[in-house]
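Architecture and fold: a report
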Protein chains: 2
Amino acid sequence: MTKTTIPARVRRYLPILDWGREYSRDTFGSDLVAAVIVTIMLIPQSLAYALLAGLPAQMGLYASILPLIAYAIFGTSRALSVGPVAVVSLMTAAAVGNLALQGTAEYAAAAIVLAFLSGLMLVLMGVLRLGFIANFLSHPVIAGFITASGILIAASQISHILGIKGGGHTLVEILESLWVHLPETNPITLAIGAAATGFLFWVRKGLKPLLIRAGLPGRLAEVLAKAGPVAAVAATTLVVWGLALDARGVAVVGDVPQGLPPLTAPSFDADIWMALAGSAALISLIGFVESVSVAQTLAAKKRQRIVPDQELIGLGASNIASAVSGGYPVTGGFARSVVNFDAGAATPAAGAFTAVGIAVAALFLTPLLHFLPKATLAATIIVAVLSLVDLSILKKTWGYSRADFAAVLVTILVTLGVGVEAGVSAGVVLSVLLFLWKTSRPHIAEVGLVPGTQHFRNILRHKVETHPEVLTIRIDESLYFANARFLEDYIYDRVVPDRALRHVILMCSAVNEIDMSALESLEAINHRLQGLGITLHLSEVKGPVMDRLKRAHFLDELTGRVFLSQYEAMRALTPETGETASRAAE
Amino acid sequence: MTKTTIPARVRRYLPILDWGREYSRDTFGSDLVAAVIVTIMLIPQSLAYALLAGLPAQMGLYASILPLIAYAIFGTSRALSVGPVAVVSLMTAAAVGNLALQGTAEYAAAAIVLAFLSGLMLVLMGVLRLGFIANFLSHPVIAGFITASGILIAASQISHILGIKGGGHTLVEILESLWVHLPETNPITLAIGAAATGFLFWVRKGLKPLLIRAGLPGRLAEVLAKAGPVAAVAATTLVVWGLALDARGVAVVGDVPQGLPPLTAPSFDADIWMALAGSAALISLIGFVESVSVAQTLAAKKRQRIVPDQELIGLGASNIASAVSGGYPVTGGFARSVVNFDAGAATPAAGAFTAVGIAVAALFLTPLLHFLPKATLAATIIVAVLSLVDLSILKKTWGYSRADFAAVLVTILVTLGVGVEAGVSAGVVLSVLLFLWKTSRPHIAEVGLVPGTQHFRNILRHKVETHPEVLTIRIDESLYFANARFLEDYIYDRVVPDRALRHVILMCSAVNEIDMSALESLEAINHRLQGLGITLHLSEVKGPVMDRLKRAHFLDELTGRVFLSQYEAMRALTPETGETASRAAE
């Protein structure tokens, strides 16, 4: 490796400089194979997800060319397959649907602005290292949101299978619209849609084992199984064209402009920007979380690392690239990335090769898409998203934590009943509120010495030694404004009726912070106990907490002492107990 | 004491049943003296705060009659003096000013609705035991808010001292309005206002010592000093009346209806209710927090207890009583309660007697108030609120905690620059966000054994023993969604380059919760470490956390063990270290 003159602070933002220099003929071969397989998967997906987002089919293709190249330059995952994905497409439809009618030029323009805004936000978050914001989307909230989105998406595609008018952003609206238009079902469309759906489910489960039993090598069987959607697209397009079924009411994709995406600047209308800002933020966060979690899982398998803050920049660059080339919001797709990884993608170059594949499709295959029935695309979507639906998270959280269960349930219900943006927002807000509520009512335990050790545990759970003159309280929470008064009340209630008490020790092993409000409460407690003739001590105060207490006057006013360990405190305040324990330990 | 037949669940809501039965001639005497002194203080205050709220003077009197009786029945503090207070009056002006013009009937009607709504909310919070919500107003936020409110209030009264038109809800607006109208200053009003302000400041500081030196008993000197505002009111009213100064441009209170407050139902206009709901919630919380903190301080001095949830009901009943008798929002006043306590108030009956005093004033003294100059009332307000202004909280928090400092500073700046409601909201939101941010980046320490003990501390802060094959990490925070990924990253970064490692112990003494997201992160950590040939152990897991872990599959999958104590863990994993420590301990 030769040393380049590019400074480290620039290189940090350009991962391509690292992997690019080690690029070899071997990695090229692996990347190319992966790219071919992903391209075969991505062509029908990109068309289908554009349909789901309410956009013209070519926008799906456009969102699968430049964004992949941008990610190859700026991204850190070697297996992530960026492009249109189901959940983000649904969120795009929800966001843009508030501003314009589907099918209008304004609708498409708003989707482009959404991609641009989302890209800017992601890059900004990356540069400012704000990736931690995504942590506030808890695992259960995401799981609930993805499941509910999958249900919404599948439901929204049924109208295409039936060949009727669809609509609605909530499950009730979608089902209502289906019910109203059900009598208009087009039997030919339904036949095509049902056949495609059945075929795709069968391909997913049954084709690969069948091919292997027929003697094909495993790798080839895998590739052929992935080609199922392409086969469905080809077959149904041929049927519609051959029998002129479009004249008999089968909705088709229609004319798709031939050629590479046009480079255009997104609209800079301030009103549209303001209207889409909230949605762009949500899409950015959801896209980032989904993308990073699959990228991390795949990287761990090969002992590689992905850099979350740089991932923000990679995904941001992809979305900006999508916006300037007529696409719509993109992110890393779960299923596609796994296929890319399994197919042997060794570097982000695999993504760039996929982009070339899609560009070729845009140049040469678009005329063939005219007779592609929308029902086939709907079938592709339904089969893909039903794998996202996993209600087991409800059972899992119910058994483990009611707070998490509440967050999942609310996320699912609000997503289905009100909409995607409301759903994910409600989940985040509720999980934060529940966390605050829990920390505002901390677990407080009275502890005693476990005989024969220097260890102190809850008197209600363990056989421990205590002393009538000494009360030791372990507070299982950081002390801050929301629980400061709770502690005051607890101690006062416990201490006042106990006339034998002479010492109160606050065991602070679980206190990770004492803020100003809590400090003032401790001062009040110290003062009140003094009035009762009781001395207040602290033990096991953590270093950072102690540093801060030293800067306040509290330690000067404290009637008792600060002990390094609780054992030391007990030995000092009740010498006889300490000796017993000492003897037992020998 | 005889047993009554009133069930406990009713008695809980009626503290008067407890203290009422022990009522004696002695307590009656004490309460009466306190009531006389508080009445003398409250007459000018109630008129002045009504002026501050932009309301007719009699509404201040009305808010000082029935509310005090309601609190005497439902409240738990024996010294709290309920009625109009400065900060709540300012908040009333801010809230109602958005809906109607000062001086109109709509303005007064909206203030009444505000009191009613606030009363309903307080009672509801009391019955549902939601008093903990008030804990989210941290001490520094309240201190900053009170200080900024004091500055705003004082600034807003300068126009009355100058006899010019005032206006504005922010400091800049108020000063701008003063600047614009300064040339219109009425010299006579200014003379009255300046004299009253100077006199009141002197009374506050200098009168009591002077009277004592003159030979008066301390108690009497105290009472006379409290009568300063009444004296100022009487003197300036006489001067204005005698010299007919109202004809020369001195603004006076004017006609005040004579008689007891009219009983009326508040308006039930849904639009007004919706518009005032947010303000009512803020006023309720601020009023409750202020009131409870002074009540708790005074109760502690006599070893009495106040019941925060019942205080909500007491203050709620007072506000409802205020609304149905033509008053406006009330709460417990700081200065007045201290005076009440010092004057010997023994039970809430003192408040009821004060109410009688104010009722007498409303019946017989109102005609005398016609020539009372507004400048005198403004002087009363300025002298009272300047004692609320205490910028030392900025210095105090700066030295102790930058997060608290930021919360105070933002609260003060937003209150002064945008308004009271925005100020307190910004303070609360910022302190919650800072808390979340801090917990999302927990302190993590590598720990080792303090020689000669069974105690483990940070290797960077203490001389401790470690073992090259064992890494012990103490996480100083509950594990939850916001920091789960942080822990994953930390452990992976620390472990991968260290080829000697065979065991990782997570010391959980400071982990008070492990939520679903964190559980999944622990599963991922366990799995990844397994891949590296490293065993994961836990130690010092708290009871409630362990209970929950047992309900999940994690413990079955855990490659290592769960140790009761960290010392036990080290002894089991590195027998030689344990022996050394044992020997040293002997």
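Residues numbered from 1 in each chain as written. Chains lettered and ligands numbered in written order. Predicted model: local features only at pLDDT ≥ 70, side-chain atom pairs only at ≥ 80, totals over all residues. Heavy atoms only, no water.

Quick word on the overall build of chain A
Condition: A run of DSSP states H or I qualifies as a helix once it reaches four residues; a run of E qualifies as a strand once it reaches two. Both are numbered from the N-terminal end. Throughout, exposure labels follow a simple rule: accessible area from a 1.4 Å probe, protein chains only, divided by the maximum for the residue type, with under 20% read as buried, over 50% as exposed, and the rest as partly exposed. In this description, contact between two residues means that some pair of their heavy atoms is separated by no more than 4.5 Å.
Scanning chain A from terminus to terminus reveals 26 helices and eight strands. On the principal axes, the C-alpha backbone points of chain A span a range of 95 × 65 × 60 Å. Split into buried and exposed, the 586 residues of chain A put 55% on the buried side. Put simply, 78% of the contacts in chain A that link residues at least 6 apart link residues at least 24 apart.

Here's the deal with helix H9 (residues 171-181) of chain B
Residue and element names in this part refer to chain B. Quick note on the threshold: Working note: the arc is built from the helix axis to C-beta atom directions.
For H9, every residue scored as buried is listed here: Ile174, Ser177, Leu178 and His181. Each buried residue of H9 sits inside an arc of 100 degrees when the element is viewed along its axis, so together they form one side. Seen from the buried face of H9, the exposed residues on the opposite side, beyond 90 degrees, are Val172, Trp179 and Val180. Elements that come into contact with the buried residues of H9 comprise helix H8 (139-162).

Comments concerning helix H25 (residues 566-573) of chain B
Side chains of residues three or four places apart in an α-helix project in the same direction, reflecting 3.6 residues per turn. For H25 of chain B, every residue scored as buried is listed here: Gln566, Tyr567, Ala569, Met570 and Leu573 of chain B. The buried residues of H25 of chain B occupy an angular sector of 160 degrees when the element is viewed end-on, so they sit on one face.

Considerations on the nonpolar core
Soluble, globular proteins show a tendency: their nonpolar side chains are buried together. Residues and elements named next belong to chain A. Spelled out, the test is: Remark: nonpolar core denotes a set of buried residues (Ala, Val, Leu, Ile, Met, Phe, Trp, Tyr, Cys) joined through side-chain atoms within 4.5 Å.
Counting 95 residues, the largest nonpolar core has Leu47, Leu55, Met91, Phe145 and Tyr328 as its most contacted members. Looking at which element gives the most residues to this core, the answer is helix H13 (residues 270-301), with 13 residues. Once residues lying within four places of it in the same chain are set aside, the contact partners of Leu55 are Ala50, Tyr107, Ala108, Ala111 and Tyr328.

Here we look at the environment of Tyr328 of chain B
Residue and element names in this part refer to chain B. Condition: Two N or O atoms count as a polar contact when they lie within 3.5 Å, although within protein this holds only if one can serve as hydrogen donor and the other as acceptor, and sequence-adjacent residues are included solely when both atoms are side-chain atoms.
Take Tyr328: it is sitting in the loop between helix H14 (308-324) and strand S2 (331-333). When its relative accessible area of 0% is taken as the criterion, Tyr328 is described as buried. Within the local environment of Tyr328, its side chain forms a polar contact with the side chain of Ser89, the two groups lying 2.9 Å apart.

Considerations on the sheet that holds strand S5 (residues 470-475) of chain B
Residue and element names in this part refer to chain B. To be explicit about the condition: When DSSP finds two or more bridges between a pair of strands, those strands are recorded as paired. Axis angles are defined between N-to-C directions and span 0 to 180 degrees, where every axis is a line fitted to C-alpha atoms and, for a helix, only to the segment in contact.
Ordered by their spatial adjacency, six strands build an open sheet running S4-S3-S5-S6-S7-S8, and the pairing between neighbours is mixed. Because the sheet does not close on itself, it has two edges, and the strands there are strand S4 (456-458) and strand S8 (562-563). Here S5 runs beside strand S6 (residues 503-507); their pairing, made up of five bridges, is parallel. The residue of S6 that forms the bridge with Leu471 is Val504. Its contacts with the sheet place helix H22 (residues 516-531) against S6 and strand S7 (535-539), and it is angled at close to 140 degrees to S7.

So, the interface of chain B and chain A
Put simply, the rule is: The buried area of a pairing is the accessible area, by a 1.4 Å probe, that goes missing from both parts when the two are put together, added over both. Here, a salt bridge means any Lys or Arg side-chain nitrogen found within 4 Å of an Asp or Glu carboxyl oxygen.
Contact residues are listed per partner, giving 73 residues for chain B and 72 residues for chain A. Summed over both sides, the interface of chain B with chain A buries roughly 7000 Å², with 54% coming from carbon and sulfur. It is Tyr400, Phe481 and Arg485 of chain B that lose the most area in chain B upon contact with chain A, and together they represent 13% of the buried surface on that side. The interface formed by chain B and chain A contains eight salt bridges. A salt bridge links Glu513 of chain A to Lys438 of chain B, with the nearest nitrogen and oxygen atoms 3.0 Å apart. At the boundary of chain B and chain A, one finds 33 residue pairs in polar contact (both at pLDDT 80 or more). Of all the secondary-structure elements, those providing two or more residues to the side of chain B that touches chain A are H8, helix H13 (270-301), helix H18 (392-400), helix H20 (420-440), helix H21 (481-495), H22 and helix H23 (543-551) of chain B. Among the elements that take part in the side of chain B that touches chain A, H20 of chain B stands out by supplying eight residues, more than any other.

A short note on the sheet that holds strand S8 (residues 562-563) of chain A
Residue and element names in this part refer to chain A. The strand order across the open sheet formed by six strands is S4-S3-S5-S6-S7-S8, and the pairing between neighbours is mixed. Two strands lie at the open edges of the sheet, namely strand S4 (456-458) and S8, each paired on one side alone. Across three bridges, strand S3 (residues 444-449) lies against S4 in antiparallel orientation. Each residue of the ladder has a partner; that of Val447, found in S4, is Asn458. Sheet contacts for helix H22 (residues 516-531): strand S6 (503-507) and strand S7 (535-539); angle to S7, the most-contacted strand, approximately 140 degrees. Relative to the sheet, helix H25 (residues 566-573) contacts S3, S4, strand S5 (470-475), S6, S7 and S8, its axis offset from that of S6 by approximately 170 degrees.

Notes on the pattern of salt bridges
Going through the model one piece at a time under the given rule, you end up with 21 salt bridges over all chains. The partner of Glu488 of chain A in a salt bridge is Arg528 of chain A, with the nearest N and O atoms 3.7 Å apart. Highlighted residues: Glu488 of chain A in helix H21 (residues 481-495) and Arg528 of chain A in helix H22, separated in sequence by 40 residues. Arg528 of chain A carries the same exposure label as Glu488 of chain A, and that label is buried. Several salt bridges converge on common partners, so that one network encompasses Lys438 of chain A together with Glu513 and Arg548 of chain B.

Structural notes on the relation of the copies chain B and chain A
So the rule is basically this: When the copies are superposed, the least-squares fit takes in the C-alpha atoms of residues with a pLDDT of at least 70 in both.
Mapping chain B onto chain A leaves a residual RMSD of 0.1 Å; the transformation is a rotation of 180 degrees accompanied by 0.0 Å of translation along its axis. The symmetry that links the two subunits is that of a two-fold axis. Of every C-alpha in chain B, the one belonging to Ala510 of chain B sits nearest the axis of rotation, 1.9 Å from it. A share of 99% of the interface residues of chain B reappears at the interface of chain A, consistent with the copies meeting face to face through the same patch.

A look at unusual backbone geometry
All names here are of chain B. Within the chain, Arg129 stands out as a residue other than glycine whose phi angle is a positive 55 degrees. Within the secondary structure, Arg129 sits in the loop between helix H7 (105-127) and H8. Phi is positive for Glu540, which is not a glycine, with a value near 55 degrees. By secondary structure assignment, the location of Glu540 is in the loop between S7 and H23.

As for the pairing of S7 of chain B
Residues and elements named next belong to chain B. What counts is decided by this rule: Throughout, right-handed denotes a crossover for which the path from the first strand over the helix to the second runs clockwise when the strands point away from the viewer.
Counted residue by residue, S7 has five buried out of five residues, so it is predominantly covered. On S7, burial covers both faces: Thr535, His537 and Ser539 on one face and Leu536 and Leu538 on the other are all buried. One ladder, built from five bridges, connects S6 with S7; its direction is parallel. Paired with His503 across the strands is Thr535, a residue of S7. Considered for its hand, the β-α-β crossover made up of S6, H22 and S7 is right-handed.

Here's the deal with the packing of aromatic side chains
What counts here: Note on aromatic pairs: the rings of Phe, Tyr and Trp (six-membered ring only in Trp) are paired at centre separations within 6.5 Å, and the planes decide the class, stacked below 30 degrees, edge-to-face beyond 60, tilted for the rest. In this scheme, the term charge over a ring applies when either NZ of a lysine or CZ of an arginine sits within 6 Å of the ring centre and within 35 degrees of the ring normal.
On inspection of all chains with the given rule, the structure shows 23 aromatic pairs over all chains. Ring geometry for Phe116 of chain B against Trp273 of chain B: centres 6.0 Å apart, planes inclined by 65 degrees, an arrangement best described as edge-to-face. Within this pair, whereas Phe116 of chain B is found in helix H7, its partner Trp273 of chain B is found in helix H13, the two being separated by 157 residues in sequence. Judged by relative accessible area, which is 12%, Phe116 of chain B ranks as buried. What links up through ring pairs into an aromatic cluster is the set Phe136, Phe435, Tyr480 and Phe481 of chain A together with Phe136, Phe435, Tyr480 and Phe481 of chain B. Directly above the ring of Trp398 of chain A sits Arg402 of chain A, whose terminal nitrogen or CZ lies 3.8 Å from the centroid. Here Arg441 of chain B stacks its cationic end above the ring of Phe132 of chain A, 5.9 Å away from the centre of that ring.

Concerning the confidence of the model for chain A
Residues and elements named next belong to chain A. Operational definition: pLDDT measures the predictor's confidence residue by residue and takes values from 0 up to 100.
Looking at chain A, the pLDDT average stands at 88 and 97% of residues meet or exceed 70. Contacts for the low-pLDDT stretch residues 578-586, under 50 throughout, to residues beyond four places or in other chains number 11 contacts. Note on the complex model: pTM 0.81, ipTM 0.79.

Here's the deal with the packing of helix H3 (residues 25-52) of chain B against helix H15 (residues 334-342) of chain B
Residue and element names in this part refer to chain B. Condition: Here roughly perpendicular refers to angles of 65 to 115 degrees, roughly parallel to angles under 35, roughly antiparallel to angles over 145, and oblique to all remaining angles. Throughout, a crossing is termed right-handed when the near helix is turned clockwise from the far one, and left-handed when it is turned anticlockwise from it by less than a right angle.
Look at H3 against H15: their axes get within 9 Å of each other, and the N-to-C directions meet at 165 degrees. With respect to H15, the element H3 is oriented roughly antiparallel. Once H3 is placed against H15, the crossing between them reads as right-handed. For the pair H3 and H15, the contacting residues are Ala34, Ile37, Val38, Met41, Leu42, Gln45 and Tyr49 in the first and Ala335, Arg336, Val339 and Asn340 in the second.

Observations regarding the side chain of Asn512 of chain B
Structurally, the position occupied by Asn512 of chain B is in the loop between S6 and H22. There is a polar contact of 2.8 Å between the side chain of Asn512 of chain B and the backbone oxygen of Asp476 of chain A. Setting aside chain neighbours within four positions, we find Asn512 of chain B in contact with Asp476, Glu477, Ser478 and Ala510 of chain A together with Ser478, Lys542 and Val545 of chain B.

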